[in-house]
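Descriptive structure summary
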Amino acid sequence: GGTVAVVYWPDPWRYPSGPGYSPRNVRALDEARDRGLMIAKRSGVPVIDLSHSFPENGSAAANARFFYPFPAHFKPAGYRLAARQLIAAMAQLEPAAK
């Protein structure tokens, strides 16, 4: 009775203050995300995209609480925000038909 979904977990490089952030990296990451999620959608697999969970157009200071300034995992606040978004999106999924 469960549902399988593809969850896109974004790379910190996509956001101001993330290590390696640049508009070029954002475009490359978004293109890769779009290709992967399009394949899932075409296959009928539900998609949860967390890439818009963090401020995208703000200053680096707006995201500094979510990402370390060097290549690493998210900071605890980043994981909390992503987890809240993931739980909310999962609650919207319809269970697979039996």
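No experiment lies behind these values; they were computed from the predicted model shown.

Notes on the overall build of the protein chain
Looking only at helices and strands, the protein chain features three helices and two strands. Its helices and strands taken in sequence order, the protein chain reads β-α-β-α-α from the N to the C terminus. With the C-alpha coordinates aligned to their principal axes, the bounding extent of the protein chain is approximately 45 × 25 × 20 Å. When the 98 residues of the protein chain are sorted by exposure, 29% land in the buried category. Pairs at least 24 apart in sequence give 64% of the contacts found in the protein chain among residues at least 6 apart. With the model as given, the accessible surface of the protein chain reaches about 6200 Å², and the carbon-plus-sulfur share is 59%. Treating the 12 positive side-chain charges of the protein chain as one cloud and the 7 negative ones as another, the clouds have centres 5 Å apart.

Topic: the packing of aromatic side chains
Summed over all chains, the structure comprises 11 aromatic pairs. When the centroid spacing of 5.2 Å and the interplanar angle of 65° are considered together, the rings of Phe54 and Phe66 count as edge-to-face. Residue Phe54 is located in the loop between strand 2 (47–49) and helix 2 (60–63), and its partner Phe66 is located in the loop between helix 2 and helix 3 (76–92); the two are separated by 12 residues in the primary sequence. When its relative accessible area of 3% is taken as the criterion, Phe54 is described as buried. When its relative accessible area of 5% is taken as the criterion, Phe66 is described as buried. Between Phe67 and Phe74, the ring centres sit 5.3 Å apart and the planes meet at 85°, which makes this aromatic pair edge-to-face. Aromatic ring contacts, followed pair by pair, group Trp9, Tyr15, Phe54, Phe66, Phe67, Phe74 and Tyr79 into a single cluster.

Focus on the side chain of Arg14
Take Arg14: it is sitting in the loop between strand 1 (6–8) and helix 1 (23–42). Owing to a relative accessible area of 3%, Arg14 belongs among the buried residues under this scheme. A distance of 2.6 Å separates a polar atom in the side chain of Arg14 from a polar atom in the side chain of Asp30.

The rules behind each value
Residues numbered from 1 in each chain as written. Predicted model: local features only at pLDDT ≥ 70, side-chain atom pairs only at ≥ 80, totals over all residues. Heavy atoms only, no water. Helix = DSSP H or I, 4+ residues; strand = E, 2+ residues; numbered from the N terminus. Buried < 20%, exposed > 50% of the residue type's maximum accessible area, 1.4 Å probe, protein only. Contact = heavy atoms within 4.5 Å. Areas by Shrake-Rupley, 256 points an atom, 1.4 Å probe, with all protein chains shown as cover. Lys, Arg positive; Asp, Glu negative; His and termini not counted. Charge placed at Lys NZ, Arg CZ, Asp CG, Glu CD. Phe/Tyr/Trp six-rings, centres within 6.5 Å; stacked < 30°, edge-to-face > 60°. Polar contact = N/O pair within 3.5 Å; in protein donor to acceptor, adjacent residues only side chain to side chain.

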